[in-house]
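A closer look at the structure
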Amino acid sequence: MNKETIILKTIDFVKETLSGAEGGHDWWHVYRVWKLSKHIAEIENVDIFIVELGALLHDIADSKFHNGDEEIGPNKATTFLQSLKVPEGIITHVENIIANISFKGGNYTQTFQSPELEVIQDADRLDAMGAMGIARSFSFGGFKQNEFHDPEKKPNLNMSVEEDKKKNGTIINHFYEKLLLLKDRMNTNTGKSMAKHRHNFMEEYLNEFYKEWEGKV
Ligand code: ADP
Ligand code: NI
């Protein structure tokens, strides 16, 4: 099977697996991360086939929706790629990408690193920023029935992995706990420059938000 066919079959598999998924983690999130990854990969020196497979499969089974099971995503991707007879070396690389991509709070150490992972990680983080990041946060916070703002609740800037997993803070605090920190966590130069643009947009949004909260505009 050639690479193009493998990518097309992977797209079908992801669309089918994620049908009915919550708005922030659906096929369209994967689509945006895939497009962003390809865009960043054009400039970086990476294996584009691995980048595409990793991006398409990175959220195939998020542990949040599978009782915290961190193995299910990588395993599902591996079984699928084996069924297409993708070479073992590529499968192992993609499996490592999926297992290591997620932002797990401040004190988590990543155990695997590769230029391809760096590209997809940047793309995944970019989709949590800017206009898209704002939309996803409100969608995810709504899904968790979290309130969107309470001026008396301050952001928790030293969140442990366990606290982060609960995801029960206000949506505006999530900006300070995660979204506004992302621009300094980018790996690639392309990612950094795109992050700066999306970061500025979020700051502008927050300025507007506080003015409206106090009825000033
Ligand atoms: P990813 O799937 O990109 O690794 P997450 O699973 O952590 O990211 O979060 C998915 C989306 O939901 C992101 O856009 C993220 O900013 C948002 N999100 C995560 N936690 C919260 C929260 N506590 N409140 C609001 N939005 C959140
Ligand atoms: Ni993702």
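All values derive from a computational prediction rather than experimental measurement.

Considerations on the coordination of the nickel ion (ligand 2)
Around the nickel ion (ligand 2), the protein supplies His29 (NE2), His58 (NE2), Asp59 (OD) and Asp124 (OD) as donor atoms, at distances of 2.1 to 2.3 Å. Geometry at the nickel ion (ligand 2) is irregular, judged from its 4 donor atoms and the angles of 83 to 168 degrees they form at the metal. All donors to the nickel ion (ligand 2) come from one chain, and their sequence spacing reads H-x28-H-D-x64-D. With aspartate 59 in the loop between helix H3 (48-57) and helix H4 (72-83) and aspartate 124 in helix H6 (residues 115-126), this residue pair connects regions lying 65 residues apart in the sequence. Of the residues examined, aspartate 59 reaches a relative accessible area of 11% and is grouped as buried.

Here's the deal with the packing of helix H2 (residues 27-43) against H6
Relative orientation of the contacting elements H2 and H6 amounts to 130 degrees, with a least axis distance of 8 Å. Overall, the two elements H2 and H6 adopt an arrangement that is oblique. The crossing of H2 and H6 is right-handed. Contacts from His29, Val33, Leu36, Ser37, Ile40 and Ala41 in H2 reach Val119, Ile120, Asp122, Ala123, Asp124 and Leu126 in H6. Looking at the contact of H2 with H6 residue by residue, the class counts come to 8 nonpolar, 2 polar and 2 charged.

Some remarks on the side chain of asparagine 100
Structurally, asparagine 100 can be placed in helix H5 (residues 88-100). Judged by its relative accessible area of 4%, asparagine 100 is buried. Only 2.9 Å separates the side chain of asparagine 100 from the backbone oxygen of asparagine 96, close enough to count as a polar contact.

Points about the nonpolar core
Formed by 53 residues in total, the largest nonpolar core has its most connected members in Val14, Leu53, Leu56, Leu57, Leu81, Val94 and Phe175. Mapped onto this core, the elements with two or more residues apiece are helix H1 (3-17), H2, H3, H4, H5, H6, helix H9 (171-177) and helix H10 (189-213). Excluding residues that lie within four positions of it along the chain, leucine 81 makes contacts with Leu53, Leu57, Val86, Ile91 and Val94.

Analysis parameters
For every chain, the first residue of the written sequence is number 1, and numbering continues from 1 along that sequence. By the order in which they are written, chains take letters starting at A while ligands take numbers starting at 1. With the structure being a predicted model, the display of local features is reserved for residues of pLDDT at least 70 and the display and counting of side-chain atom pairs for 80 or more, all residues being used for whole-chain, interface and lining totals. Heavy atoms from the whole structure form the basis of all side-chain values; hydrogens and water molecules are not counted. Note that water is not among the atoms used; donors are N, O and S atoms within 2.8 Å of the metal (3.2 Å for Na, K and Ca), so sites may look incomplete. A four-donor site is called tetrahedral if each angle lies between 85 and 135 degrees; a four-donor site is square planar, and a six-donor site octahedral, when trans pairs exceed 155 degrees and the remaining angles lie between 65 and 115; all other cases are labelled irregular. In DSSP terms, a helix is any run of H or I states spanning at least four residues, a strand is any run of E spanning at least two, and both are numbered starting from the N terminus. Each residue is assigned to one of three classes by its accessible area relative to the maximum for its type, calculated with a 1.4 Å probe on protein chains only: buried under 20%, partly exposed between the two thresholds, exposed over 50%. The axes are straight lines fitted to the C-alpha atoms, using for helices just the contacting stretch, and the angles between their N-to-C directions are given from 0 to 180°. Comment on the angle field: the value is read as roughly parallel under 35 degrees, roughly antiparallel over 145, roughly perpendicular from 65 to 115, and oblique elsewhere. With the far helix as reference, a near helix turned anticlockwise by less than a right angle produces a left-handed crossing, and one turned clockwise produces a right-handed crossing. Note on contacts: a residue pair is in contact if any heavy atoms of the two residues lie within 4.5 Å. Each residue is assigned to one of three groups, with Ala, Val, Leu, Ile, Met, Phe, Trp, Tyr, Cys and Pro labelled nonpolar, Asp, Glu, Lys and Arg labelled charged, and all others, Gly among them, labelled polar. Distance and chemistry together define a polar contact, namely a pair of N or O atoms within 3.5 Å, with one atom able to donate a hydrogen and the other to accept it when in protein, and with adjacent residues in sequence counting only for side-chain atoms on both sides. For the purposes of this section, nonpolar cores are sets of buried Ala, Val, Leu, Ile, Met, Phe, Trp, Tyr and Cys residues that join through side-chain atoms within 4.5 Å.

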